[in-house]
Amino acid sequence: MILALTGSSVDGPLFRDVVELAHRAPGPLDGVVTVWSAYGAAAFALLMAVGWWQARRSGPLAGMTALAVPVAVLVAFCADAALKLLVRENRPCHGLPFPTLERCPAPGDWSFPSNHTAVAAAAAVALFFVSRRLGVVASVCALAMAVSRVWVGVHYPHDVLAGALLGGLVSCLVMTVLRRWPRGLAGRLARTRLRPLLVS
């Protein structure tokens, strides 16, 4: 186990500035950011579904690539969760004395790196392998997710930066490996009962 990281010593002042800005912001804005922070992951699921639906029109290989996106996201999530257990950084609200928009997670719900940001970045990178347009949309959503996690006070800036880097790199690696399907595999699967998953 790595010694617990004291996150406030890394970028505590920047975190404080963002949280203070959140408290001065209009209530409706804080409400939107809080909802996005908590439930924005659903947008990435929707983008993955749209990517899969569109890819099926381009043939079985494209359909199979789209089906690999959730796999890349899952692997990135697992890598992020494993790193959390190694680093064991406490949430900002456990070490800093000012209130945050979101309720403080229980002790043991570690902060570094950010799961939400890692999943969002992983989805964005993986979707670039399916559609550049969807990848761009997902990237904007991922940036919004990263900012929101600091805004509501549950992560330090370095948590979301690390989550984005980890999620994006793992996703790129997984998609690059999975894209090298054995020649003809997609076509063979398209001739089985799995055809509706691969082609429209």
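First things first, this report covers the structure right here in the doc.

1. Quick look at the overall build of the protein
On a plain count of helices and strands, the protein comes out with 10 helices and 0 strands. Ordering the α and β elements of the protein from the N terminus gives α-α-α-α-α-α-α-α-α-α. The long-range share in the protein, meaning contacts at least 24 apart out of those at least 6 apart in sequence, stands at 81%.

2. Digging into the pattern of salt bridges
Using the criterion set out here, one finds 1 salt bridge in the structure. For Arg 91, the salt bridge identified is with Asp 109, shortest N-O distance 2.8 Å. One end of the pair, Arg 91, is in the loop between α4 (60-87) and α5 (92-95); the other, Asp 109, is in the loop between α5 and α6 (115-128), with 18 residues separating them in the sequence. You can call Asp 109 partly exposed: its relative accessible area is 35%.

3. Observations regarding helix α8 (residues 157-179)
The end-to-end C-alpha distance of α8, which contains 23 residues, comes to 33 Å, matching closely the 33 Å that a straight helix rising 1.5 Å per residue would cover. Within the sequence span of α8, burial applies to Pro 157, His 158, Asp 159, Val 160, Ala 162, Gly 163, Gly 167, Gly 168, Val 170, Ser 171, Val 174 and Met 175.

4. Some points on the environment of Ala 43
Residue placement: Ala 43 occurs in helix α3 (residues 41-55). Overall, the relative accessible area of 23% leaves Ala 43 in the partly exposed class. Spatially, the C-alpha atoms of Ala 43 and Ala 120 are 9.4 Å apart, while their sequence positions differ by 77 residues.

5. Considerations on a nonpolar patch on the surface
A cluster of nonpolar residues, Phe 128, Val 136 and Val 140, forms a patch on the protein surface that exposes about 260 Å² of accessible area. Topologically, Val 140 is positioned in helix α7 (residues 132-151).

6. What to know about the packing of aromatic side chains
For the coordinates displayed, the defined rule picks out 2 aromatic pairs. Considering the side-chain rings of Trp 36 and Phe 44, the 6.4 Å spacing of their centres and the 50° angle between planes classify their relative orientation as tilted. The class of Trp 36 is partly exposed, set by a relative accessible area of 23%. Look at Phe 44 and you get buried, because its relative accessible area is 2%. Plain terms: the ring middles of Trp 52 and Trp 53 are 5.9 Å apart, the flat faces sit at 65° to each other, and that makes the pair edge-to-face. Given a relative accessible area of 21%, Trp 52 falls into the partly exposed group.

7. As for the side chain of Ser 37
Locating Ser 37 in the fold gives a position in helix α2 (residues 27-39). Judged by relative accessible area, which is 0%, Ser 37 ranks as buried.

8. Regarding the nonpolar core
One finds Phe 44, Val 69, Leu 127, Ala 138 and Met 175 to be the most contacted residues of the largest nonpolar core, which totals 22 residues. Mapped by element, the contributors of at least two residues to this core are α3, α4, α6, α7 and α8. The greatest single-element share of this core, amounting to 6 residues, is contributed by α6. When neighbours within four sequence positions are excluded, Ala 138 is seen to be in contact with Phe 44, Leu 47, Ala 124 and Leu 127. Counting residues in each nonpolar core, the second largest holds 13 residues, with Val 19, Ala 22, Val 33 and Val 150 among its members.

How each quantity is defined
Residues numbered from 1 in each chain as written. Predicted model: local features only at pLDDT ≥ 70, side-chain atom pairs only at ≥ 80, totals over all residues. Heavy atoms only, no water. Helix = DSSP H or I, 4+ residues; strand = E, 2+ residues; numbered from the N terminus. Contact = heavy atoms within 4.5 Å. Salt bridge = Lys/Arg side-chain N within 4 Å of Asp/Glu carboxyl O. Buried < 20%, exposed > 50% of the residue type's maximum accessible area, 1.4 Å probe, protein only. Expected span 1.5 Å × (residues − 1). Patch = residues over 30% accessible without salt bridge, like charges linked within 9 Å, V, L, I, M, F, W, Y side chains within 5 Å. Areas by Shrake-Rupley, 256 points an atom, 1.4 Å probe, with all protein chains shown as cover. Phe/Tyr/Trp six-rings, centres within 6.5 Å; stacked < 30°, edge-to-face > 60°. Core = buried A, V, L, I, M, F, W, Y, C linked by side-chain atoms within 4.5 Å.

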